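# A look at the structure
Residue strings, one per chain:
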Amino acid sequence: MCGRYALFRWNRDFAALPGFPADQQAQWNISPNDSVLMLRAESDGQRTLARARWGLTPPWLTDLSRTPAHARAETVAEQPMFREALRQRRCLLPANGFYEWRGTARKRPYWLTPGEGASLFFAAIWEAYPVQEQVWLSTAVITQPAMSQRRPLILDEAGQAAWLDPQTPLHALHALLAGEPVALRERVLANLVNDPKLNGPECLTPA
């Protein structure tokens, strides 16, 4: 399961998008419940950024200890927690790569990315949770089975456009959800990233 990812590098075009936080800092070790950047499309097609909590919180939820960070691509369209968000509240989570742990007795972290310096976008859904006079945004990453693990559903440019477009029909969304996993480069890491409180480039220290 993708439980950690990183966003520490972005280009000028991305930073120029409406909603890009002026105080945005590099995040090398993002975990569930952290504040993350999500990309949405407005009704006029304009793409905007917003901060959200990684852990989906629908407005009807009463048990706030149960806020899923992930939604399975195979069942997201049917599950009550996710199906309405899939139809109406889709977004993308930008990243430079993500971490994966493998092994049995002693798990080893790996860094996965499409290439050196490349960016990627995870398919995700979002919700708004009102608290008094403030509205909190939250999100969950769509995951798919890959290499005996579950990895984020990574979309190419065409897939990103279709995912964000509110007019995309449900059958086209199902096609994206069933898409083949993207080929990724991987690098085995030292165990420094195992500490969720560590947030610096040393997270990517090779083994």
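Residues numbered from 1 in each chain as written. Predicted model: local features only at pLDDT ≥ 70, side-chain atom pairs only at ≥ 80, totals over all residues. Heavy atoms only, no water.

## As for the overall build of the protein chain
What the protein chain contains, in helices and strands, is 4 helices and 12 strands. Relative to the 2.2 N^0.38 estimate, which gives 17 Å for 207 residues, the radius of gyration of the protein chain is 17 Å and therefore close to what a compact globule would have. For the protein chain, the spread of C-alpha atoms along the three principal axes comes to 45 × 35 × 35 Å. Buried residues in the protein chain amount to 47% of all 207 residues. Residue pairs in contact within the protein chain that sit at least 24 positions apart in sequence constitute 64% of those at least 6 positions apart. (Helix = DSSP H or I, 4+ residues; strand = E, 2+ residues; numbered from the N terminus. Rg over C-alpha atoms; globule rule 2.2 N^0.38 Å. Buried < 20%, exposed > 50% of the residue type's maximum accessible area, 1.4 Å probe, protein only. Contact = heavy atoms within 4.5 Å.)

## Some words on the nonpolar core
By size, the foremost hydrophobic cluster in this structure holds 50 residues, and its most contacted members are Tyr5, Leu93, Phe122, Ile125, Ile142 and Trp163. Apart from the residues within four sequence positions on either side, Tyr5 is in contact with Trp28, Asn29, Ile30, Val36, Trp54, Leu93, Pro94, Ala95, Gly97, Phe98, Tyr99 and Phe122. (Core = buried A, V, L, I, M, F, W, Y, C linked by side-chain atoms within 4.5 Å.)

## A look at the environment of Ser35
Relative to the helices and strands, Ser35 resides in strand E3 (residues 35-41). C-alpha separation for the pair Ser35 and Gly55, spaced 20 residues apart in sequence, amounts to 9.4 Å.

## Comments concerning the sheet that holds strand E1 (residues 4-7)
The strand order E2-E1-E7-E8-E12 describes an open sheet built from 5 strands, whose pairing is antiparallel. Strands at the two margins of the open sheet, each flanked by one partner only, are strand E2 (27-30) and strand E12 (185-188). Averaged over all pairs of adjacent strands, the angle between strand axes in this sheet comes to 25°, irrespective of strand direction. Where E1 and E2 come together, 2 bridges link them in antiparallel fashion. By the bridge assignment, Leu7 is partnered in E2 with Gln27. (Pairing = 2+ DSSP bridges. Axes fitted to C-alpha atoms, helices over the stretch in contact; angles between N-to-C directions.)

## Side note on unusual backbone geometry
The phi torsion at Asn33 lies on the positive side, around 85°, for a residue other than glycine. For Asn33, a relative accessible area of 49% puts it in the partly exposed group. With phi around 55°, Gln132 is a residue other than glycine that occupies positive phi space. Mapped onto the secondary structure, Gln132 falls in the loop between strand E9 (120-131) and strand E10 (134-146). On the basis of relative accessibility, which here comes to 82%, the residue Gln132 falls in the exposed class.

## Regarding the side chain of Glu100
Structurally, Glu100 is set in strand E7 (residues 97-102). On the basis of relative accessibility, which here comes to 2%, the residue Glu100 falls in the buried class. A distance of 2.8 Å separates a polar atom in the side chain of Glu100 from a polar atom in the side chain of Arg151. Apart from the residues lying within four places of it in its own chain, the contact partners of Glu100 are Arg108, Pro109, Tyr110, Leu112, Gln149 and Arg151. (Polar contact = N/O pair within 3.5 Å; in protein donor to acceptor, adjacent residues only side chain to side chain.)

## What about helix H3 (residues 157-164)?
Within H3, the full set of buried residues consists of Gly159, Gln160, Trp163 and Leu164. Each buried residue of H3 lies within a common arc of 125° when the element is viewed along its axis, so the set occupies one face. Exposed residues lying more than 90 degrees from the buried face of H3 are Glu157 and Ala158. (Arc of directions from axis to C-beta.)

## With respect to the pattern of salt bridges
The tally for this structure, following the rule as stated, stands at 6 salt bridges. When the shortest N-O distance is used, the salt bridge between Arg150 and Glu74 registers 2.7 Å. On the criterion of sequence distance, the pair formed by Arg150 in strand E11 (residues 149-152) and Glu74 in the loop between strand E5 (70-72) and helix H2 (83-88) is long-range, its members being 76 residues apart. Within this structure, Glu100, Arg102, Arg151 and Glu186 form a network of salt bridges that share partners. (Salt bridge = Lys/Arg side-chain N within 4 Å of Asp/Glu carboxyl O.)

## Some thoughts on helix H4 (residues 170-177)
Looking at H4, one finds that the buried residues are Leu173, Leu176 and Leu177. On an axial view of H4, the arc spanned by its buried residues comes to 100°, and they lie on one face. Lining the buried residues of H4 we find H2, strand E6 (90-95), E10 and H3.

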